[in-house]
Amino acid sequence: MIERVEAPIAATLRNGRTVTIRPLAEHDREALLQFGRSLPDDDWLYIETDLHNPDIINRLVNAYAAENWRQLVAVTKTGEIVGYSAVRRLPGWSSHVGDIHLIVRKDHRRCGLGTAMAQAIFDAARDLGVSKVIVEIMQEQTSGIAIFERLGFKIEGTFSDHARDHVGRRHHLYILAYHII
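If you're wondering where the values come from, they're calculated on a predicted model, not measured in any experiment.

Novice: Is there a simple way to think about the pairing of strand β5 (residues 97-104) in this case?
Specialist: A regular strand places its side chains so that they alternate between the two faces of the sheet. Among the eight residues that make up β5, six are buried, leaving the element largely enclosed by the rest of the structure. Both strand β4 (residues 81-89) and β5 contribute to a ladder of seven bridges, which runs antiparallel. Counterpart to V87 in the pairing with β5 is I100. Where β5 and strand β6 (residues 132-138) come together, four bridges link them in parallel fashion. Each bridged residue has a counterpart across the sheet, and for D99 the counterpart in β6 is I134. Between the parallel pair β5 and β6, the chain is carried across by helix α4 (residues 113-128), and the sense of this crossover is right-handed.

Quick look at the structure:
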């Protein structure tokens, strides 16, 4: 079994705020639900996981110790979750690949938190033992694309009209990848 890296990371953002990036824990249920409820309607066009739904939140929190999954949250001094990221090792013939997800609350964007969380979840992917990490992202999500490109990810594929948002519109989906080994 692979040893987990569990040490919290203190991050000082460009706006002077500080957050702690740490693994999702059992006691984060309500804070994660509040995080999901705090996201603006525009974000829900691009989020695959329903962070409004208490059943989904329970599933995520209950999986905090899953062997093939790492989840991190960015937490303020007051205990608010302002960012969530996850990496899941894919099954079967893609078991060497980790799939990354990342969302930052609107009032904590453009201050370096997305980059700090991306780096932390990238490190968690290494902890899973994967040799390649991918992120699926819609073409319109230019800030997210820029974060991962700064970390060395490259667009490996484009799927035309592949993703549908929550109101049914189709979008081009990019697959960005980084080969660790």
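Novice: So what exactly am I meant to see when it comes to the packing of aromatic side chains here?
Specialist: Describing an aromatic ring pair means giving the distance of the ring centres and the angle of the ring planes. The tally for this structure, following the rule as stated, stands at four aromatic pairs. Ring centres of F148 and F153 lie 5.1 Å apart, and the angle between their planes is 70 degrees; on these two criteria the pair is classed as edge-to-face. Judged by relative accessible area, F148 falls into the buried class, the value being 3%. A connected cluster of aromatic rings, assembled from ring pairs, spans F122, F148, F153 and Y178.

Novice: For this particular structure, what's the right way to read the sheet that holds strand β1 (residues 9-12)?
Specialist: Paired through backbone hydrogen bonds, the strands of a sheet run either parallel or antiparallel to each other. Here eight strands make up an open sheet; going across it, the order is β1-β2-β3-β4-β5-β6-β8-β7 and the pairing mixed. Taken across any chain shown, the strands that pair with only one partner, and hence form the sheet edges, are β1 and β7 (154-164). Averaged over all pairs of adjacent strands, the angle between strand axes in this sheet comes to 25 degrees, irrespective of strand direction. Pairing between strand β3 (residues 69-75) and β4: seven bridges, direction antiparallel. Residue pairing across strands places A74 opposite G83, the latter belonging to β4. Its contacts with the sheet place α4 against β1, β2 (18-23), β3, β4, β5, β6 and β8 (170-179), and it is angled at close to 30 degrees to β4.

Novice: Even after reading the chapter, I still don't get the confidence of the model for the protein chain, so can you show me in this structure?
Specialist: Low-pLDDT stretches of the model should not have their predicted coordinates read in fine detail. Residues with a pLDDT of 70 or more make up 95% of the protein chain, whose mean pLDDT is 88. When pLDDT is averaged over each helix and strand of the protein chain, the minimum, 71, is found for helix α2 (residues 41-44) and the maximum, 96, for β2. The low-confidence segment residues 1-5, where pLDDT is below 50, has 14 contacts with residues more than four positions distant or belonging to other chains.

Novice: What exactly am I supposed to notice about the side chain of S85 here?
Specialist: Positionally, S85 belongs in strand β4. Judged by its relative accessible area of 0%, S85 is buried. Here S85 is in contact with R70, Q71, L72, H101, L102, M117 and I121, once residues within four sequence places are set aside.

So, how was this worked out
- Residues numbered from 1 in each chain as written.
- Predicted model: local features only at pLDDT ≥ 70, side-chain atom pairs only at ≥ 80, totals over all residues.
- Heavy atoms only, no water.
- Buried < 20%, exposed > 50% of the residue type's maximum accessible area, 1.4 Å probe, protein only.
- Helix = DSSP H or I, 4+ residues; strand = E, 2+ residues; numbered from the N terminus.
- Pairing = 2+ DSSP bridges.
- Right-handed = clockwise from strand over helix to strand, strands pointing away.
- Phe/Tyr/Trp six-rings, centres within 6.5 Å; stacked < 30°, edge-to-face > 60°.
- Axes fitted to C-alpha atoms, helices over the stretch in contact; angles between N-to-C directions.
- Contact = heavy atoms within 4.5 Å.
- pLDDT = per-residue confidence, 0-100.

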